[in-house]
Amino acid sequence: QVQLVESGGGLVQAGGSLRLSCAASGLTFSSYAMGWFRQAPGKEREFVAAINWLRSTTSYSDSLKDRFTITSDNAKNTVYLQMNNLKPEDTAVYYCAANRAYLARSPEEYDYWGQGTQVSVSS
């Protein structure tokens, strides 16, 4: 079965950087697209970025595209989210997800989810 495991979260100061990783298993990578979402307490789950697993085409939230970059390493079955110039408002639990469509932006379109990793940005 499909399993997604996020890592790389932590506490950083504003202006710092983090790289999140999502290791995938149990899926045929050519059949899925991968996405990153985030959710802060009391808020809806928010789309961050998505990538086509095979072709590496991408889609980004307009508000984050200048600072965040999604990439994949197909040989390692891993997708990454590079986050630069972090701001306190970026504080959230970050989730990776897989779907059978392509570059989907809605959480409802994703079939599998990781457990999330906490990102906290201090002032």
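Our subject is the structure listed above.
In what follows, the accompanying structure is described. Positions within a chain are numbered from 1, following the residues in the order the chain's sequence is written. Confidence filtering applies because this is a predicted model: local features only for residues at pLDDT of at least 70, side-chain atom pairs given and counted only at 80 or more, and all residues used for totals across whole chains, interfaces and linings. Side-chain metrics in this entry use all non-hydrogen atoms of the structure; hydrogen atoms and water are not considered.

**As for the sheet that holds strand β3 (residues 18-25)**
Inclusion rule: For two strands to be treated as a pair, DSSP must find at least two bridges joining them. Helix and strand definitions here come from DSSP, where helices need a minimum of 4 consecutive H or I residues and strands a minimum of 2 consecutive E residues; each element is numbered from the N-terminal end. Axes here refer to lines fitted to C-alpha atoms; in helices the fit is confined to the stretch in contact. Angles between the N-to-C directions go from 0 to 180 degrees.
Here we have four strands laid out as an open sheet, ordered β1-β3-β8-β7, and antiparallel in their pairing. Edge strands, defined here as strands with exactly one partner in the open sheet, are β1 (3-7) and β7 (68-73). Looking at each pair of strands side by side, their axes are set apart by 15 degrees on average, direction ignored.

**A short note on the packing of aromatic side chains**
Here is the rule we go by: The aromatic pairing rule takes the rings of Phe, Tyr and Trp, using the six-membered ring of Trp, and pairs them if the centres are within 6.5 Å, calling planes under 30 degrees apart stacked, those over 60 edge-to-face and the rest tilted. Lysine NZ or arginine CZ positioned within 6 Å of the ring centre and within 35 degrees of the ring normal marks a charge as sitting over the ring.
Using the criterion set out here, one finds six aromatic pairs in the structure. Members of the aromatic cluster, joined through ring pairs, are F37, F47, Y95, Y110 and W113. Between R45 and the ring centre of Y95, over which it is positioned, the NZ or CZ distance is 3.9 Å. Between R45 and the ring centre of W113, over which it is positioned, the NZ or CZ distance is 4.7 Å.

**What to know about the pattern of salt bridges**
Note the following rule: We count a salt bridge whenever a side-chain nitrogen from Lys or Arg sits within 4 Å of a carboxyl oxygen from Asp or Glu. Remark: exposure states derive from per-residue accessible area (1.4 Å probe, protein chains only) relative to the maximum for the residue type, with buried under 20%, exposed over 50%, and partly exposed in between.
This model, assessed by the stated rule, comprises four salt bridges. With a shortest N-O distance of 2.9 Å, R38 and E46 are connected by a salt bridge. The class of E46 is partly exposed, set by a relative accessible area of 30%. Three or more residues are tied together by salt bridges with common partners; here these are R38, E46, R67 and D90.

**Structural notes on the nonpolar core**
For clarity, the threshold we go by: Put simply, buried Ala, Val, Leu, Ile, Met, Phe, Trp, Tyr and Cys residues joined by side-chain atoms within 4.5 Å make one nonpolar core.
Within the largest apolar cluster, 30 residues are counted, with the highest numbers of intra-cluster contacts made by L4, W36, L81, M83 and Y94. Secondary-structure elements contributing two or more residues to this core are β3, β4 (33-39), β5 (46-52), β7, β8 (78-83), β9 (92-99) and β11 (117-122). One finds A50, A97, A104 and Y110 within the second-largest nonpolar core, a separate group that totals six residues.

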